[in-house]
Amino acid sequence: RGNVQMQQTVQPASMSAAHGPSSLRRKLYDLVEPNEAPTEQERKHVGEVDDFVIFANTFAFVVSTDEKIMASYPSLKPVFSVVEVATVILFTTEYILRLFVMGENDRFRGAAGLVKYIFSPFAIVDLASIVPFYIDLMTPEDDLPALQFIRLLRLIRIMMTGEYGGAFRDMSKAVTKNAPILITSGFAGVAVWLVVASLYYVTERNNPQTIWTFDKGDDPSFEEHPGNLALNNTQLFASIPDAMFFSLLNLFGEFPLISDHSTGGRFVAVFIAIIAVAIFGIPVGVLGDGFGDAITERMDALAA
């Protein structure tokens, strides 16, 4: 009972004594920061509305980039335009409200705190999701792509402090605790990547099967120059940076050009297939063990 009373008297860290929960700014803060809302019901409703707006905006943006769908269903264009304008207005209003109410959070109090919030990762995401829309309005001749879809990153923030916050904290502990091992394995992975790319360069740079010729298409003036890399052909393994792209695909288990490789290149591919298991197995195993340890520590703390 004593513990319950103590928990009831503890105020959230972000709430200041000067701005109580009854103030207008505090209520607006709870509105735009659903994970700070006083009640679980408010947190649930505001979070659901935020999620719905984010997904609606992202869905409209993704579908609108498909020219075939838009040509088949021309009525979708005005609908998506309304969705875009409505969601941008909501995002803009929310961003301005956040600038107004962030003083309720002790970390962002005062002018210095406001600047700190503006340059925080999620505030940058919020701003980047609306600025292209207004730039496009002022410069209609520019084909500037809409970037509202990056608003989807805000779902990570909701999850980190909401119902799944414990899982994110366990993941953070696992990464922090095993950071030296992960950095070492990452360095080893980059070294292996460079080695296999160099091997590909040595074995495949003179392989005629890996020379890609540009498609002439319908251009009658196109003149074929087979084997002449200076004209309309390019060697896919002409340099180590070029080879790094295909060797990275191999490390992820994809071998798109294996049938065109020379004998030496095929030996390199076999080597990559074997070493990739070890390269990716180390960090996966380390993170798995660290995550399990973090969960065990949390369970022990709850049982104590």
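A few points on the structure.

What counts as what
- Residues numbered from 1 in each chain as written.
- Predicted model: local features only at pLDDT ≥ 70, side-chain atom pairs only at ≥ 80, totals over all residues.
- Heavy atoms only, no water.
- Patch = residues over 30% accessible without salt bridge, like charges linked within 9 Å, V, L, I, M, F, W, Y side chains within 5 Å.
- Areas by Shrake-Rupley, 256 points an atom, 1.4 Å probe, with all protein chains shown as cover.
- Salt bridge = Lys/Arg side-chain N within 4 Å of Asp/Glu carboxyl O.
- Helix = DSSP H or I, 4+ residues; strand = E, 2+ residues; numbered from the N terminus.
- Buried < 20%, exposed > 50% of the residue type's maximum accessible area, 1.4 Å probe, protein only.
- Axes fitted to C-alpha atoms, helices over the stretch in contact; angles between N-to-C directions.
- Contact = heavy atoms within 4.5 Å.
- Nonpolar A, V, L, I, M, F, W, Y, C, P; charged D, E, K, R; others polar.
- 1 Å grid on protein atoms, 1.4 Å probe; cavity = no way out; pocket = protein on both sides within 12 Å on 5 of 7 lines; lining within 4 Å.
- Points joined across faces, edges and corners; volume = space filled by probe spheres on them.
- Polar contact = N/O pair within 3.5 Å; in protein donor to acceptor, adjacent residues only side chain to side chain.
- Phe/Tyr/Trp six-rings, centres within 6.5 Å; stacked < 30°, edge-to-face > 60°.
- Lys NZ or Arg CZ within 6 Å of the ring centre and 35° of its normal.

1. Quick look at a nonpolar patch on the surface
Here is step 1: Among the surface-exposed residues, Leu-127, Val-131, Tyr-134, Ile-135, Leu-137 and Met-138 lie close enough to one another that they form a single nonpolar patch of about 540 Å² accessible area.
Here is step 2: With respect to the helices and strands, Met-138 occurs in helix α8 (residues 131-138).
Here is step 3: On the basis of relative accessibility, which here comes to 65%, the residue Met-138 falls in the exposed class.

2. Quick notes on the packing of helix α5 (residues 76-101) against helix α6 (residues 110-118)
Here is step 1: Contact geometry for α5 and α6: axes closest at 9 Å, N-to-C directions at 145 degrees. Seen from α5, the contacting residues are Tyr-95, Arg-98 and Leu-99; seen from α6, they are Leu-114, Tyr-117 and Ile-118.
Here is step 2: Of the residues assigned to the contact of α5 with α6, the class counts are five nonpolar, no polar and one charged.

3. Points about empty space enclosed by the protein
Here is step 1: The full count for this structure, using the stated rule, is one cavity of 30 Å³ or more.
Here is step 2: Counted as a void, the largest cavity has a volume near 30 Å³.
Here is step 3: Around the largest cavity, the lining residues are Phe-237, Phe-246, Asn-250, Phe-255, Pro-256, Leu-257, Ile-258 and His-261.
Here is step 4: Grouping the amino acids of the lining of the largest cavity by side-chain chemistry returns six nonpolar, two polar and no charged.

4. Details of the environment of Arg-25
Here is step 1: Among the structural elements, Arg-25 can be located in helix α2 (residues 24-32).
Here is step 2: Residue classification places Arg-25 among the partly exposed residues on the basis of a relative accessible area of 21%.
Here is step 3: Placed 78 residues apart in sequence, Arg-25 and Gly-103 show a C-alpha to C-alpha distance of 8.8 Å.
Here is step 4: A polar contact is formed between the side chain of Arg-25 and the side chain of Glu-104, at a distance of 3.3 Å.

5. Observations regarding the pattern of salt bridges
Here is step 1: According to the stated counting rule, one finds five salt bridges in the structure shown.
Here is step 2: The shortest N-O distance in the salt bridge between Arg-98 and Asp-126 comes to 3.9 Å. Placement of the pair is Arg-98 in helix α5 and Asp-126 in helix α7 (residues 121-128), with a sequence separation of 28 residues. As far as the burial class goes, Arg-98 and Asp-126 line up, both buried.

6. Remarks on the packing of aromatic side chains
Here is step 1: The final tally for this structure, using the stated rule, is four aromatic pairs.
Here is step 2: Relative to Phe-246, the ring of Phe-237 lies with its centre 5.3 Å away and its plane at 40 degrees, an arrangement referred to as tilted.
Here is step 3: Judged by its relative accessible area of 1%, Phe-237 falls in the buried class.
Here is step 4: With a relative accessible area of 14%, Phe-246 lands in the buried category.
Here is step 5: Taking 5.1 Å as the distance between ring centres and 80 degrees as the angle between the ring planes, the aromatic pair formed by Phe-245 and Phe-246 counts as edge-to-face.
Here is step 6: Through successive ring pairs, a cluster of aromatic residues spans Tyr-200, Phe-237, Phe-245 and Phe-246.
Here is step 7: Between the NZ or CZ atom of Arg-205 and the centre of the ring of Tyr-201, over which it lies, the distance is 5.2 Å.

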